[in-house]
Protein chains: 2
Amino acid sequence: MSTLTNRLYRLRSRPVGEVTAENLEWTEEPVPEISEGQALIRTHYLSVDPTNRVWMSEMRSYIPPVELNAVMRGAGVGQVVASMRHDLPVGAHVVGLTGWQDYCVADAAHEDFPFTVLPDPLPAPLPVFVGVLGHTGISAYLGVEFGDPKPGETFFVSAAAGAVGSIAGQLAKRRGARVVGIAGGAEKCRYVVEQLGFDACVDRHADDWKAQLDVATPQGIDVDFENVGGEIMDHVLGRLNIGARITLCGLISEYNDYDGNNAGRGLRNVSQLLMQRATLRGFIVFDHVDRYGEIIGELSQELAQGSMQSEDTVVDGLENARLTLNRSIAGEYRGKVVVRVAD
Amino acid sequence: MSTLTNRLYRLRSRPVGEVTAENLEWTEEPVPEISEGQALIRTHYLSVDPTNRVWMSEMRSYIPPVELNAVMRGAGVGQVVASMRHDLPVGAHVVGLTGWQDYCVADAAHEDFPFTVLPDPLPAPLPVFVGVLGHTGISAYLGVEFGDPKPGETFFVSAAAGAVGSIAGQLAKRRGARVVGIAGGAEKCRYVVEQLGFDACVDRHADDWKAQLDVATPQGIDVDFENVGGEIMDHVLGRLNIGARITLCGLISEYNDYDGNNAGRGLRNVSQLLMQRATLRGFIVFDHVDRYGEIIGELSQELAQGSMQSEDTVVDGLENARLTLNRSIAGEYRGKVVVRVAD
């Protein structure tokens, strides 16, 4: 094994703004030998999630920041290529925190977030297990459940063409809500309405996006599935109906701005949470591991029936992971973003 | 009746910042004759509440703004002095939206917020019925119920020496929580700790108030009873524990800043609502009229037993109401603030 080379990213400094090559060093190291209680996993696809950016900062978060000089943390799917563990047999496909590297040694250090062995034969392509049948799909499912849109209510979702938003809107539509999204650019908006079946989608890049949003939500907003925060969320707060629910899943607009003290622009229109007697609930998917099986089962069925659509954007090459994250946060992609590391 | 003079405030323009004499005109008019279905109420005490300031603005709120040139809306307690209504007999003491005036004609215009006749003989001094046994006490009770502090948890309340905060902290203390407040000035802090029995109180006027707050909440914050917003709330967000509850009762720091578009500084530290999986609930006491009887009963008992303390700041003279509101929002008073209009 020691002849294998591990290409990987190490976090050398904490970025402010976009992640630079100095912040996140791209390097090569020998793959370590495994010993008792360890398995070696070859990463096939790396999941690129805005929350990766949070992990690089010292923002007080749901998980400790990646330590300086450590391998960048990240979720991925891969295959066990060597093993001294019975629960991770050679050949098994697994999903877990592979890190931003070709090869990951799975051992006790992973006990908080253990690897999960995927069914054999695989019921879906590998990227799906970090997407709609992984933490993004489960996040969408939980957030819709928490927001609880009723038939006839208006459900709004930001980053509507993104991995979570695209699934969340489809799930809300199934509950009989009017579903309105916001996404960057006319092409994404078309995708959201024509492919995903949303009732409307506001183009964030249009000068009149606020007016578009007002027109698209003539009855106000009952549920906001929030992925972005900042200016969009502020405008949404001004459209809330009495008793509105906000399911706070992400704040992508803030992640690049954390400088050790403040996290971005924040919100101005907080008073509307009070005036409209809104309930806001922040949630992190990892708190709900006990629900994963049930939710994956339900989402699998939807996919199998063709009643739900998901799309992956696959970027080739681990060496492109850093730029892919920057671009993902800038809203350049559609659907779930993964980096293909190996096949 | 037509020989009587009504001194009153009319809203002539919408204030930005403190309320000026131009915004809120102090004037005299004859008291109108009452006709069938009307009663005339003499205001005895006017309730001065930060929310009065919201009503002067066009901020989207839980109640329409006071119309320009209309009498300023406000809660008060008074006595029926003339009546052509069976439900409001002459001599009865009542609580309701008297407006900022000596005399109020109670008629169909009040049907959304009808006057309530108080028990005879009065079980407590009149100001109490707009205070601890009125909407402020009920707000405190409901907010504590929503926040649901458990024994050993840390309950934090802003504007702790104020009408709502002082009651909220005492109620949370009875549930076995560690209760920490923040108030402006050493004297108020002493009052909060020594008289009201809070475990600690942070002096908002001290340069090191943030450090004081950290020291006073060594186990973090599980429940935030929020009355103020802005910088204080941002710091509190940074102290939240996982699963924290924020009961959003007021945002006093924002009310003066609404300029028709934006409402003040807002919040920067929104990401902590997500990272700590917090739940925030905005509420307005008027939504819970069905609970008033039960809650007033419970609070009455606490007062009668001497197990709860409340304090009123009484400012003499209706002509001082405007300045009293400005000073109340600036945090110059302790406890419930009322203006004595007549005895």
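Every value quoted in this text rests on a predicted model; they were computed, and no experiment measured them.

Reading the values: the criteria
- Residues numbered from 1 in each chain as written.
- Chains lettered and ligands numbered in written order.
- Predicted model: local features only at pLDDT ≥ 70, side-chain atom pairs only at ≥ 80, totals over all residues.
- Helix = DSSP H or I, 4+ residues; strand = E, 2+ residues; numbered from the N terminus.
- Rg over C-alpha atoms; globule rule 2.2 N^0.38 Å.
- Buried ≥ 20, exposed ≤ 12 C-beta atoms within 10 Å, placed from the backbone.
- Contact = placed C-beta atoms within 7 Å.
- Axes fitted to C-alpha atoms, helices over the stretch in contact; angles between N-to-C directions.
- Parallel < 35°, antiparallel > 145°, perpendicular 65-115°, else oblique.
- Left-handed = near helix turned anticlockwise from the far one by under 90°.
- Nonpolar A, V, L, I, M, F, W, Y, C, P; charged D, E, K, R; others polar.
- Domains from an automatic or database assignment.
- Pairing = 2+ DSSP bridges.
- Arc of directions from axis to C-beta.
- Least-squares fit on C-alpha atoms with pLDDT ≥ 70 in both.
- Expected span 1.5 Å × (residues − 1).
- pLDDT = per-residue confidence, 0-100.

## A closer look at the overall build of chain A
Then, number 1: The helix and strand tally for chain A stands at 10 helices and 15 strands.
Then, number 2: The C-alpha atoms of chain A give 20 Å as radius of gyration, which agrees with the globular expectation for 343 residues (20 Å, within 12%).
Then, number 3: Here the C-alpha coordinates of chain A stretch approximately 65 × 45 × 35 Å along the principal axes.
Then, number 4: For chain A, with 343 residues in total, the buried portion stands at 52%.
Then, number 5: The long-range fraction of contacts in chain A, counting pairs at least 24 apart against all pairs at least 6 apart in sequence, stands at 67%.

## Section: the packing of helix 2 (residues 135-147) of chain B against helix 3 (residues 163-174) of chain B
Residue and element names in this part refer to chain B.
Then, number 1: Contact pair helix 2 / helix 3: the axes reach a minimum separation of 8 Å and the direction vectors enclose 45°. Taken together, the axis directions place helix 2 and helix 3 in an arrangement best described as oblique. As helix 2 runs across helix 3, the sense of the crossing is right-handed. Contacts from Thr 136, Gly 137, Ser 139, Ala 140, Tyr 141, Gly 143 and Val 144 in helix 2 reach Ala 163, Val 164, Ile 167, Ala 168, Leu 171 and Ala 172 in helix 3.
Then, number 2: Within the contact of helix 2 with helix 3, the residues separate by chemical class into 9 nonpolar, 4 polar and no charged.

## Considerations on the domain arrangement of chain A
Residue and element names in this part refer to chain A.
Then, number 1: Taken as a whole, chain A is organised into domain 1 (5-129 + 311-340) and domain 2 (135-286).
Then, number 2: Distance between the C-alpha centres of domain 1 and domain 2: 28 Å.
Then, number 3: Residue-level contacts link 17 residues of domain 1 with 18 residues of domain 2.
Then, number 4: Every element with two or more residues in the side of domain 1 that touches domain 2 is listed here: helix 1 (50-56) and strand 15 (336-340).

## Focus: the interface of chain B and chain A
Then, number 1: With 31 residues of chain B in contact, the opposing surface of chain A contributes 31 residues.
Then, number 2: Broken down by secondary-structure element, the contributors of at least two residues to the side of chain B that touches chain A are helix 8 (271-275) and strand 13 (279-282) of chain B.
Then, number 3: In terms of residues, the side of chain B that touches chain A owes the most to one element, helix 8 of chain B, which gives 5 residues.
Then, number 4: A class-by-class count of the residues in the side of chain B that touches chain A yields 14 nonpolar, 11 polar and 6 charged.
Then, number 5: Alignment of strand 13 (residues 279-282) of chain A against strand 13 of chain B, held across 3 bridges, turns out to be antiparallel.

## With respect to the environment of A:Arg60
Then, number 1: Considering the arrangement of structural elements, one finds A:Arg60 in the loop between helix 1 and strand 4 (76-83).
Then, number 2: The partly exposed category is assigned to A:Arg60, around which 17 C-beta atoms lie within 10 Å.
Then, number 3: Sequence separation of A:Arg60 and A:Gly260 is 200 residues, and the distance between their C-alpha atoms is 9.6 Å.
Then, number 4: Ignoring anything within four residues of it in the chain, the contact list for A:Arg60 reads B:Gly238, B:Gln272 and B:Met275.

## As for helix 4 (residues 186-195) of chain B
Residues and elements named next belong to chain B.
Then, number 1: Three or more residues of helix 4 are buried, namely Lys 188, Cys 189, Tyr 191 and Val 192. Projection of helix 4 onto a plane perpendicular to its axis shows the buried side chains occupying an angular sector of 155°, all on one side. Among the exposed residues of helix 4, those pointing more than 90 degrees away from its buried face are Ala 186, Glu 187 and Glu 194.
Then, number 2: Considering only its buried residues, helix 4 is in contact with strand 9 (178-183) and strand 10 (200-203).
Then, number 3: Positive backbone phi, approximately 85°, marks Gly 197, located one or two places after helix 4.

## Here's the deal with the relation of the copies chain B and chain A
Turning one copy of the chain about an axis and sliding it along that axis gives the other copy, so a rotation and a shift relate them.
Then, number 1: Turning chain B through 180° and shifting it by 0.1 Å along the axis lays it on chain A, with an RMSD of 0.0 Å. Those values place the two copies in the arrangement expected of a two-fold rotation axis.
Then, number 2: In this assembly the copies share their binding face: 100% of the residues contributing to the interface of chain B also contribute to that of chain A.

## What about the sheet that holds strand 12 (residues 240-248) of chain B?
Then, number 1: Taken in spatial order, the 12 strands of this open sheet run 10(A)-9(A)-8(A)-11(A)-12(A)-13(A)-13(B)-12(B)-11(B)-8(B)-9(B)-10(B), and their pairing is mixed. Among the strands making up the open sheet, the edge pair consists of strand 10 (200-203) of chain A together with strand 10 of chain B. Adjacent strand axes in the sheet meet at a mean angle of 15° when their direction is disregarded.
Then, number 2: Bridge count between strand 11 (residues 221-226) of chain B and strand 12 of chain B: 5 bridges; the pairing is parallel. The residue bridging B:Asp224 from the neighbouring strand is B:Ile246, located in strand 12 of chain B.
Then, number 3: The sheet strands contacting helix 4 of chain B are strand 9 and strand 10 of chain B, and the helix crosses strand 10 of chain B at an angle near 170°.

## With respect to the environment of B:Asp203
Then, number 1: Within the fold, B:Asp203 resides in strand 10.
Then, number 2: Sequence-distant contacts of B:Asp203, defined by excluding residues within four places in its chain, comprise B:Gly185, B:Ala186, B:Cys189, B:Trp209 and B:Gln212.

## With respect to helix 9 (residues 292-305) of chain A
Then, number 1: Between its terminal C-alpha atoms helix 9 of chain A stretches 20 Å, which fits the 20 Å expected from 14 residues at 1.5 Å a residue.
Then, number 2: A positive phi of about 75° marks A:Gly306, the residue just after helix 9 of chain A.

## Concerning the confidence of the model for chain A
Then, number 1: Put simply, chain A has an average pLDDT of 95, and 99% of its residues get 70 or more.
Then, number 2: Interface predicted TM-score (ipTM) for the complex: 0.95; the corresponding pTM is 0.95.

## Observations regarding the environment of A:Ile138
All names here are of chain A.
Then, number 1: Structurally, the position occupied by Ile 138 is in helix 2 (residues 135-147).
Then, number 2: Since 23 C-beta atoms lie within 10 Å of it, Ile 138 is described here as buried.
Then, number 3: As a C-alpha pair, Ile 138 and Arg 291 span 153 residues in sequence and 8.7 Å in three-dimensional space.
Then, number 4: Filtering out sequence-adjacent residues up to four positions away, Ile 138 remains in contact with Val 285, Tyr 292 and Ile 295.

## Remarks on unusual backbone geometry
Then, number 1: Cis rather than trans, the peptide bond between A:Asp120 and A:Pro121 has omega equal to 5°.
Then, number 2: Locating A:Pro121 in the fold gives a position in the loop between strand 7 (116-117) and helix 2.
Then, number 3: With a phi angle near 50°, B:Asp148 is a residue other than glycine that sits in the positive phi range.
Then, number 4: The class of B:Asp148 is partly exposed, set by 15 C-beta atoms lying within 10 Å.

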